[in-house]
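# Fold and contact review
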Amino acid sequence: VDTSSKRLTIAIQKSGRLSKESLSLLQACGVKFNLHEARLLAHSSNQPIDLLRVRDDDIPGLVMDGVVDLGIIGENVLEEVRLERVATKLPAAVKRLRSLDFGGCRLSLAVPKEDSYNGVQDLEGKRIATTYPYLLQDYLQKQGVNASTAILTGSVEVAPRAGLADAVCDLVSTGATLEANGLVEKEVIFTSQAQIIQRPEPLNAAKQAMVDQLLPRLDGVQMARE
Ligand code: PRT
Ligand code: ZN
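Calculation criteria
Residues numbered from 1 in each chain as written. Chains lettered and ligands numbered in written order. Predicted model: local features only at pLDDT ≥ 70, side-chain atom pairs only at ≥ 80, totals over all residues. UniProt positions renumbered as here; feature names shortened; annotations may be inferred. Axes fitted to C-alpha atoms, helices over the stretch in contact; angles between N-to-C directions. Helix = DSSP H or I, 4+ residues; strand = E, 2+ residues; numbered from the N terminus. Parallel < 35°, antiparallel > 145°, perpendicular 65-115°, else oblique. Contact = placed C-beta atoms within 7 Å. Pairing = 2+ DSSP bridges. Near = placed C-beta within 6 Å. Nonpolar A, V, L, I, M, F, W, Y, C, P; charged D, E, K, R; others polar. Domains from an automatic or database assignment.

- Identification of the chain as ATP phosphoribosyltransferase from Pseudidiomarina atlantica is taken from an unreviewed UniProt entry.
- Under the UniProt heading Catalytic activity (unreviewed entry), the note attached to the chain is "1-(5-phospho-beta-D-ribosyl)-ATP + diphosphate = 5-phospho-alpha-D-ribose 1-diphosphate + ATP".
- Recorded in UniProt for the chain, the comment headed Pathway (unreviewed entry) runs: "Amino-acid biosynthesis; L-histidine biosynthesis; L-histidine from 5-phospho-alpha-D-ribose 1-diphosphate: step 1/9."

Have a look at this one:
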């Protein structure tokens, strides 16, 4: 990937909950792609735009480091990576261009339904399973609660039953997963939707012109879907 070139590079999730809608949004904005499943990089067939398809967790860092120009990412991952990078003194700035109309969810604290719960103070001294340790600790610190974390990148919802944690801090959309695992949602700590973000350093004129053309189209597509 050459960000000094005239080709605009956009990182999107390769496969997951954001990939289909990220791709269809760009296509609705008039950017055509011929995707080969196995390939990381796809060139647009009608515009000087390259698509980089990666794990969602990698997208904020690629944009913050200026490795790619734009990225489409859930705010939950964006904020988690931002907090982690601030803590580890890595570049953490991005330009937020637009909130998008998909990927909506919330990051919530949930406890086993048989446990009593009268407020976040009840988590003092407990262990909480999560994929989002920085968002969780940021929230707990603001609430003045000390709790430890069990970091799991998957199956967070089974942690209490497996004896790994007392509570969970996990993404929720319908609530069905919590319910199926005997957990009750108690606090919403972060709400999220997909965002399109840009690297912090100014783009060259050719790329800026492409972004200036893309954004009104994107607004038009989203307006039409409201
Ligand atoms: O492989 P890669 O790392 O790219 O993908 P991933 O597995 O990390 O992420 P993925 O594809 O699961 O989710 C991508 C993004 O979609 C998340 O970061 C959120 O911004 C957004 N999103 C929206 C969700 C959900 N809704 C969601 N419901 N991400 C995950 N979930 C999971 C949640 O973790 C839980 O397991 O769905 C389950 C809960 O759903 P309900 O409907 O039962 O409440
Ligand atoms: Zn991920």
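Back to the text.
### Thoughts on the packing of helix α3 (residues 75-87) against helix α4 (residues 133-143)
- Close contact between α3 and α4 brings their axes to 8 Å; oriented N to C, the two are set at 80°. Comparing the axis directions of α3 and α4 gives the class roughly perpendicular. Counting all contacts with α3, which are made through N76, E79, E80, L83, E84 and A87, the residues of α4 involved are Y134, L135 and D138.

### Side note on the sheet that holds strand β3 (residues 49-54)
- The strand order β2-β3-β1-β4-β11-β5 describes an open sheet built from six strands, whose pairing is mixed. For this open sheet the edge positions go to β2 (41-43) and β5 (95-99), each flanked by a neighbour on one side alone. On average, adjacent strands in this sheet sit at an angle of 25° to one another, irrespective of strand direction.
- Across six bridges, the pairing between strand β1 (residues 8-13) and β3 is parallel. From the neighbouring strand, Q13 faces β3, where its bridge partner is V54.

### Focus on the site of ligand 1
- Around ligand 1, 21 residues are found, and the nearest of them are G16, G74, C105, T174 and T177.
- When residues of the shell around ligand 1 are traced back to their parent elements, those giving at least two are α3, β9 (167-172) and α5 (176-180).
- By residue number, the principal contributor to the shell around ligand 1 is β9, which donates three residues.
- Residues belonging to the shell around ligand 1 are distributed by class as follows: six nonpolar, ten polar and five charged.
- Looking at the shell around ligand 1, you find at least three residues from each of domain 1 (8-103 + 193-225) and domain 2 (105-192).

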